[in-house]
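Fold and geometry: a report
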Amino acid sequence: MSAIQTNKMSNFRWVICGLLFLATTVNYMDRQVLSLTWKDFIAPEFHWTDNDYGTITGWFSIFYALANLFAGKFVDWMGTKKGYLIAIGVWSTGAVMHAGCGWLAMQIEGYGSIEALRMVQAGSDAAVAIATVSVWLFLSCRMILAVGEAGNFPAAIKVTAEYFPKKDRAFSTSIFNSGASIGALAAPATIPLLARALGWEMAFIIIGVLGYVWMALWIWLYDKPAKSPRVNPSELLYIEQDNDADTPEETAETLQGEEEERTIGFLKCFTFRQTWSFIMGKFLTDGVWWFFLFWAPAYFSDQYGYTSDSTMAILLIFTLYAIVTVLSIGGGYLPTFFVEKRGMNPYIGRMRAMLIFACFPILGLLAQPLGVYSPWWPAIIIGLLGAGHQAWSANLYSTIGDMFPKSTIATITGIGAMAGGIGSFLINKGSGALFTYAEGQGEAFRFMGFEGKPAGYMIIFCICSVAYLVGWIVMKMLVPKYKPIVA
């Protein structure tokens, strides 16, 4: 054992993981502001229907999908530090811009106050005009938000590959990915109260400014492991343990080789079954998480009458995401157990874990039926479903590092996120249209014992419940055995 290896190892990689966690938390809080304010604060002013909101969330998913097609390549091209910095700067600016939509709608439609917009007769031509203009304004801001947010996961996954060996990547990914549930956890406890006390506009501004604070931390703390003064030689050897290098000199040569590693061409990525495995895993499952992220507050408002700023609604949403947060982190450790205790290679261990996580969402079939007895049942069940998703997602992202060279990780991540965005568009836009239609049909619309809008929710719950098992089967068919790609 070398002298370097006997030195106490620094743990700066976990500080970097913490920064990724904070960025993901801010990312999801910015995304969640609209879902927690539209039903009770924004919709009455602009006369939105479920279909209008579905249009906004659906097209946000498309913007996000298209941006992800290029975000990964952008991060690979710009480098992790600059790429991540630009991404969060763009999405923070887009988040803050939402606050101006009300004022701009007033100017365009010629009204003197927000109250004048609110007093327009529902269903009138004037109300439709206000709704249409405001939807387009929010869509413009959501487009900017989506373009920036698309850079988060490609950059974060690339940083994880830089700072962690393969055996630790699922666990570190699950930690930073839990920022999604932490952000969703903090959001209902803060955003509706901010909207009630200061107005929904200030909720967008305050949450958006958090991104600028993160940018300062990133400039101060981040550098590549080999160049970071906070990473000592022992930690660098640990980070680079997947390489064949045994000495600091060989490690340096390996690092230089990685910098010169040839990136796989964008179009060529689509010729690999491994790429399509990741694409299908994201396409079939991302929409489930986004549906509950965007629609859970409206669900408890529609089904039980709890407005987003009510104590009961805050407790229900908080409980839901608390379950997601606590359970999902452990999901990243399961593949490590399979690899270290059972001797599996990382990919096989990850796929075994993902099959287990794919079974969690089946509980979603019980959410609506048990919700007849208490709103706590769907809150708990959706929380378990969300925990399954986050554990699934952490391992799904880590399959990229298992099969592709580091130089192409962000590109593949972006391609998969694009597919996830398309799936999210379909479920969010489809849900909005379905709920508006089901509500209009009333008792004439039935499904599995439910009528009207509750029947619509039951249909979506059924789709969400089986998506992961279908996704796992498709992935296994495409890549039945571990087969890495060499650039």
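Calculation rules
Residues numbered from 1 in each chain as written. Predicted model: local features only at pLDDT ≥ 70, side-chain atom pairs only at ≥ 80, totals over all residues. Heavy atoms only, no water. Salt bridge = Lys/Arg side-chain N within 4 Å of Asp/Glu carboxyl O. Helix = DSSP H or I, 4+ residues; strand = E, 2+ residues; numbered from the N terminus. Buried < 20%, exposed > 50% of the residue type's maximum accessible area, 1.4 Å probe, protein only. Expected span 1.5 Å × (residues − 1). Contact = heavy atoms within 4.5 Å. Core = buried A, V, L, I, M, F, W, Y, C linked by side-chain atoms within 4.5 Å. pLDDT = per-residue confidence, 0-100. Axes fitted to C-alpha atoms, helices over the stretch in contact; angles between N-to-C directions. Left-handed = near helix turned anticlockwise from the far one by under 90°. Nonpolar A, V, L, I, M, F, W, Y, C, P; charged D, E, K, R; others polar. Disulfide = S-S within 2.5 Å. Parallel < 35°, antiparallel > 145°, perpendicular 65-115°, else oblique.

Here the structure, examined in full by the defined rule, presents twelve salt bridges. Of the charged contacts in the structure, one is a salt bridge between Arg 118 and Glu 45, with a shortest N-O distance of 3.5 Å. Within this pair, whereas Arg 118 is found in helix α6 (residues 114-118), its partner Glu 45 is found in helix α2 (residues 12-46), the two being separated by 73 residues in sequence. Given the relative accessible area of 7%, Glu 45 is considered buried.

Quick look at helix α19 (residues 376-403) now. For α19, spanning 28 residues, the distance from its first C-alpha to its last is 41 Å, which sits close to the expected 40 Å at 1.5 Å a residue. Burial of α19 is extensive: 24 of the 28 residues sit out of reach of the surface.

Notably, His 47 is not glycine yet its phi reads approximately 60°, a positive angle. The phi dihedral of Met 448 falls on the positive side, at around 50°, and the residue is not glycine. If you trace the backbone, Met 448 turns up in the loop between β1 (446-447) and β2 (450-451).

Mapped onto the fold, Met 280 is located in helix α14 (residues 273-304). Met 280 sits in the partly exposed class, given a relative accessible area of 24%. Residues within four places of Met 280 in sequence aside, it is in contact with Val 474 and Leu 478.

Here we take up the nonpolar core. With 141 residues, the main nonpolar core has Trp 48, Phe 138 and Phe 291 as its most contacted residues. Ranked by residue count, the leading element in this core is α2, at 17 residues. With residues near it in sequence (within four places) discarded, Phe 138 still touches Leu 34, Ile 42, Phe 46, Trp 48, Ile 56, His 98, Cys 101, Trp 200 and Phe 204.

Below, the discussion takes up the confidence of the model for the chain. This prediction gives the chain a mean pLDDT of 85; 92% of its residues lie at or above 70. Note on residues 1-6: pLDDT under 50 across the span, and seven contacts to partners over four residues away in sequence or across chains. pLDDT under 50 marks residues 245-260. Its contacts with residues more than four places away, or in other chains, come to 15 contacts.

Moving on: the packing of helix α3 (residues 50-78) against helix α8 (residues 152-163). As a packed pair, α3 and α8 sit with axes 8 Å apart at the nearest point and diverge in direction by 35°. Pair α3 / α8 crosses with right-handed handedness. In this structure, α3 uses Tyr 64, Asn 68, Ala 71, Gly 72, Val 75 and Asp 76 to contact α8, whose residues at the interface are Phe 153, Pro 154, Ala 155 and Lys 158. Residue composition of the contact of α3 with α8, grouped by class: six nonpolar, two polar and two charged.

Scanning all chains against the criterion turns up zero disulfides. In this structure Cys 101 is not part of a disulfide, and its nearest cysteine sulfur, from Cys 141, lies 3.6 Å away. With no disulfide of its own, Cys 359 has Cys 464 as its nearest cysteine by sulfur position, at a separation of 16 Å. Using a relative accessible area of 40% as the deciding quantity, one classes Cys 359 as partly exposed.

Okay, the packing of helix α17 (residues 346-359) against α19 next. One can describe the packing of α17 onto α19 by two numbers: an axis separation of 9 Å at closest approach and a directional angle of 160°. On the basis of the axis angle, α17 is roughly antiparallel to α19. As α17 runs across α19, the sense of the crossing is left-handed. Contacts between α17 and α19 involve Pro 346, Tyr 347, Arg 350, Met 354, Phe 357 and Ala 358 from the former and Gly 388, Ala 391, Trp 392, Asn 395, Leu 396, Ser 398, Thr 399, Asp 402 and Met 403 from the latter. Across the contact of α17 with α19, the residue classes tally to nine nonpolar, four polar and two charged.

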